[in-house]
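Residue strings, one per chain:
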Amino acid sequence: MSEEKFHFEIPKDNIRNIKYDKHGFAPSVQRISHTEHGQKLKAQTQDFITTEFKKKDIEYTSDLFLQIETPEKITIKSQKLKIENLGFELLSFSAKNESIGTAKIGKEKLNLFEQRLENYISSPENTGKTYFAPIESISSIPPENKIDETIDYESNERIEIVINLFNAITSKELLAITNSIEAELRQFSDDVKKRNFKNGVASLHCTIQAKYLPQLATDFSTIKEIKTSQTFVVPQSTPSDALPNPLTINPVKSDSLVCIVDSGINKNGIMDNLIKEQLIYINSTSIDCDYNHGTFVASRCVFGDDIDNCLGTHSLSPYFNLIDLSVFGVNNLGQVIGPSEFLLRTAIEDTVDKYAGIVQVYNLSLGADTPIKDSEFSDLAKLLDFLSKEYKVLFVVAAGNIRSLLGTFPTDHYGSPLSRIGCPAESLLGLTVGSIAKHTNGTALSDVNFVSPFSRKGPGADNGIKPELVAHGGNLIDPYSNSPRISTYGISKDGKNLSVDNGTSHSAPIISQYAQRLFDAYPQSDPNLVKALLCHFTEPRSNHDELSESGLNYVGFGEPNIERALTAGNFNAAYIYEGQLDQDNYQFIGFHIPSTLRADEEDTKLRVKITVTYDPPVNPDNDKEYSEARITATLIKNTDGGMKDIAISAEDKYNLPWNPIIQFEKNFSRSYSAGFWELRLRLYTRGKVKDNYLQDYSVVVEIIDDNKKTDVYADVENEFSDIYKKIKVTIAA
């Protein structure tokens, strides 16, 4: 590593803001007779109020929750401002019908709403028709809409469920409401747990006969949803080569801490001094932690992918120390017992809060087997996203494993909906990690640097890129079997052997180590920059030739090159900027192209690559519009005729609206000048975001000579040293 080639920092003098004008449009809704329409709304409103005031939680809440529908082919989102003018607050939009939304209205606003409705009906000009006309119907939320469609609520079967209340309920009201629902549940269940999580989601967890759920959904207006509780799984590794004896464990290179959320790390003679604290949150039926999977994962996190080199060197060099958050146990029969989603949320929230400002990276090599769905974010993913932003931490999450062959490999196998990532890999602000093969043989299903046969694919719940990154997680042989020689290595539970296993569980810890190395190198930076560096400086990896789908759904941006994330190479230079965007101004970020890469220079060829990352606030009540902030980016080149916007082709960019990563690149051969260029950013918001909200973001701008003829880094230093300074990077010994 060259310590002289640290990336350049873009100075504040290169930043300028220009105010823009905001525009909006909402289509008008026509009615044949506004009076008749108003009379229909009046009858619906009276029915709604009568129904709601019979609910068991009506005395505890100051709001009424309801369903509003607009006419067919008129989206409720387009009428939001008009509807909210009447006193409603739209909370969420249906993923299945764009004309339906969930709303609330304060009890104190009901009289005014009814007065305005009466005036709409009776006045000659139908006063308020602009606001009332878009509403087709007002009703209580149907109880069946609150219950997960996978639940047979006519069954006597006892199922494990989670009840979530609306996020919009005030903290003062939550205690009385949750106590009331808990009392009701205890008539049917004796294992009720409840918690108000920090992201505003109040949850109750219990085991109950499904047949009681419709009445619960009917009796409590404040219940947003009732769904089955997900249980999480981890695989088990197989012992392999005996470790050398003696084996030297060298001092840690960094005094940082990474938290392993897993089955426990065994103090086996190798890991003892690395574990600084163990926190145990295992199921009540467990008698101890499992330790097998967690020890394997932790060893790959601290020692890296080449852990088997110790067979020759007789030594291991850990990078950092560990916090062990144990969530998988074993019962008295030796069976592994996974945590419920409720328990896992509790464990992670407690730990992140306890280690606030200390632990920045959390490795989650675990997941649920059920594939995610479009526009549905799990309770765990929602909590991870909140904690990511609130505590400035990074969750590195395994994409999940396809546990059996789903059809002819690879087309039918990956064509199955069961091959999609599972919870919590859809976390918007987390980094999801897939697996690639590094070893192969004549019967292996994947070639080197191709997606592993078991690695689950995207897209995410927002149809965005998932997984974002890949690392070595192993390979399988035909038809779909493990083979030690093409698997990954880790330390066995007892510390006497290397173990072998395959899975995204074992690629994720490699990325966790990279992330911590970057946090160590840039101690004043937040996860946005770490994500930007990891996603920007990658080597492309492949999906199988038979698959016509975009490689982004399999290997994301590729495999990180950690050395390039820390320092420049021979033919590139990178500029870095961390800033904030407001909602009123374009922000222009200036950088320079050295003259050695000018258009008339025959020996060199300019390529510009840009990555922007940010951490939008998220709305746990509205999965359809989950992300509440969006950044757009435009590259502006210098030309003889002035500054000009650049059009980037679809195949050269990743830019999904409301997804927190933007990446694009462009090759240039003519019609540009060296010197000062700019990147223009704009922030858009929606949902509950306040007008004064500022969005943190990070930008990496890389200047590359594709002909590999000039040292771009030296060129920038020679030509612009008075403008750009190297970022002070801390490298662990």
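Scroll up to find the structure.
Computed from a predicted model, the values in this text were never measured in an experiment.

S.K.: Please clarify how the overall build of the protein chain should be interpreted in this entry.
M.R.: A tally of regular secondary structure across the protein chain gives 17 helices and 37 strands. Its C-alpha atoms give the protein chain a radius of gyration of 28 Å, within 12% of the compact-globule value 27 Å for 733 residues. Once the C-alpha set of the protein chain is aligned to its principal axes, its extents read approximately 85 × 75 × 45 Å. Within the protein chain, the proportion of its 733 residues that are buried is 60%.

S.K.: What's the story with the sheet that holds strand β18 (residues 329-330) in this structure? I'm lost.
M.R.: Two orientations exist for strands paired in a sheet by backbone hydrogen bonds: parallel and antiparallel. Ordered in space as β15-β18-β19, the three strands form an open sheet in which the pairing is antiparallel. The open sheet has two edge strands, β15 (288-289) and β19 (336-337), and neither has a second partner. Relative to β19, β18 runs antiparallel, the two sharing two bridges. Of the residues in β19, the one forming a bridge with V330 is V336.

S.K.: Before we go on, may I ask you to explain the pairing of strand β17 (residues 321-326) in this structure?
M.R.: The side chains of a regular strand alternate between both faces of the sheet. Counting buried positions over the six residues of β17 gives six, a clear majority of the element. Burial along β17 is two-sided: N321, I323 and L325 and L322, D324 and S326, pointing in opposite directions, are all buried. Note that strand β13 (residues 257-262) and β17 share six bridges and pair parallel. The residue of β17 that forms the bridge with V258 is L322. Examined bridge by bridge, strand β14 (residues 275-280) and β17 share five bridges and lie parallel to one another. Bridge pairing in β17 places Q278 opposite D324.

S.K.: Which parts of the structure should I look at to understand helix α11 (residues 379-391)?
M.R.: Helical periodicity: at 3.6 residues per turn, an α-helix aligns residues three or four positions apart in one direction. Between the first and last C-alpha of α11 there are 18 Å, a value that for 13 residues agrees with the 18 Å anticipated at 1.5 Å per step. Among the 13 residues that make up α11, 10 are buried, leaving the element largely enclosed by the rest of the structure. Of all the positions in α11, only D379, L380, A381, K382, L383, L384, D385, L387, S388 and Y391 are classed as buried. Positioned one or two residues after α11, K392 has a phi angle of 55 degrees, which is positive.

S.K.: Where do I start with the pairing of strand β35 (residues 673-685) in this structure?
M.R.: Pairing of strand β29 (residues 585-593) with β35 involves seven bridges; the strand directions are antiparallel. Counted as the bridge partner of Q587 is L681 from β35. In this structure, strand β31 (residues 629-639) lies alongside β35, joined through nine bridges in antiparallel fashion. The residue bridging R630 from the neighbouring strand is Y684, located in β35.

S.K.: Looking at this structure, I do not really get the packing of helix α1 (residues 34-52) against helix α3 (residues 110-122). What am I missing?
M.R.: In a pair of packed helices, the angle between the axes and the distance between the axes together describe the arrangement. Relative orientation of the contacting elements α1 and α3 amounts to 155 degrees, with a least axis distance of 8 Å. In terms of their interaxial angle, α1 and α3 are classed as roughly antiparallel. As α1 runs across α3, the sense of the crossing is left-handed. Where α1 approaches α3, its residues H34, T35, H37, G38, Q39, L41, K42, T45 and I49 are matched on the opposing element by L110, F113, E114, L117, E118, Y120 and I121. Considered class by class, the residues forming the contact of α1 with α3 number seven nonpolar, six polar and three charged.

S.K.: Hey, could you run me through the nonpolar core in this one?
M.R.: Nonpolar side chains in soluble globular proteins generally cluster together in the buried interior. Membership of the largest hydrophobic core comes to 61 residues, with the highest contact counts inside it found for M271, F303, L322, L518, Y522, L533 and L534. Once residues lying within four places of it in the same chain are set aside, the contact partners of Y522 are H7, L529, L533, A565, L566, I576, I727 and V729. Counting residues in each nonpolar core, the second largest holds 42 residues, with I15, F664, L681 and Y693 among its members.

S.K.: Got a minute to help me understand the packing of helix α13 (residues 508-521) against helix α14 (residues 527-536) in this structure?
M.R.: Viewed as axis vectors pointing N to C, α13 and α14 meet at an angle of 125 degrees, and their least axial separation amounts to 10 Å. Between α13 and α14, the interaxial angle falls into the category oblique. You can see that α13 and α14 cross each other, and the crossing is right-handed. Two secondary-structure elements touch here, α13 through I511, Y514, A515, L518 and F519 and α14 through P527, V530, L533 and L534. Among the residues forming the contact of α13 with α14, the class breakdown is nine nonpolar, no polar and no charged.

S.K.: Sorry, what's going on with α13 here?
M.R.: Taking 1.5 Å of rise per residue, 14 residues should cover 20 Å, and α13 covers 20 Å from first to last C-alpha, within 8% of that figure. Among the 14 residues in α13, 14 count as buried, and that is most of the element.

S.K.: Is there a simple way to think about the sheet that holds strand β25 (residues 497-501) in this case?
M.R.: The antiparallel open sheet is built from three strands, whose spatial order is β11-β25-β24. Each of the sheet's edge strands pairs with one partner strand only, and the pair in question is β11 (238-242) and β24 (488-491). Sheet twist, expressed as the average angle between the axes of neighbouring strands with direction ignored, equals 40 degrees. One ladder, built from three bridges, connects β11 with β25; its direction is antiparallel. For T238, the partnering residue across the bridge sits in β25 and is V500. Each of β24 and β25 is contacted by helix α8 (residues 292-303), which is oriented at about 100 degrees to β24, the strand it contacts most.

S.K.: Would you explain the packing of aromatic side chains in this entry?
M.R.: The description of two aromatic rings rests on the distance between their centres and on the angle between their planes. Enumeration according to the criterion identifies 24 aromatic pairs in this entry. The interplanar angle of 80 degrees and the centroid separation of 5.7 Å between the aromatic rings of F197 and F342 together place this pair among those described as edge-to-face. Here F197 is found in the loop between β8 (193-196) and β9 (202-209), whereas its partner F342 is found in helix α10 (residues 341-354), with 145 residues between them in sequence. Across the pair, exposure class does not vary: F197 and F342 are buried alike. An aromatic cluster is built from F8, Y575, F591, F668, Y672, W677, Y713 and Y724, whose rings are joined through pairwise contacts. Of note, R630 hangs over the ring of Y684, and the distance from its end group to the ring centre comes to 5.3 Å. One residue, R680, lies across the ring of Y586, its end atom 5.5 Å from the ring centre.

Rules used in this analysis
- Residues numbered from 1 in each chain as written.
- Predicted model: local features only at pLDDT ≥ 70, side-chain atom pairs only at ≥ 80, totals over all residues.
- Heavy atoms only, no water.
- Helix = DSSP H or I, 4+ residues; strand = E, 2+ residues; numbered from the N terminus.
- Rg over C-alpha atoms; globule rule 2.2 N^0.38 Å.
- Buried < 20%, exposed > 50% of the residue type's maximum accessible area, 1.4 Å probe, protein only.
- Pairing = 2+ DSSP bridges.
- Expected span 1.5 Å × (residues − 1).
- Axes fitted to C-alpha atoms, helices over the stretch in contact; angles between N-to-C directions.
- Parallel < 35°, antiparallel > 145°, perpendicular 65-115°, else oblique.
- Left-handed = near helix turned anticlockwise from the far one by under 90°.
- Contact = heavy atoms within 4.5 Å.
- Nonpolar A, V, L, I, M, F, W, Y, C, P; charged D, E, K, R; others polar.
- Core = buried A, V, L, I, M, F, W, Y, C linked by side-chain atoms within 4.5 Å.
- Phe/Tyr/Trp six-rings, centres within 6.5 Å; stacked < 30°, edge-to-face > 60°.
- Lys NZ or Arg CZ within 6 Å of the ring centre and 35° of its normal.

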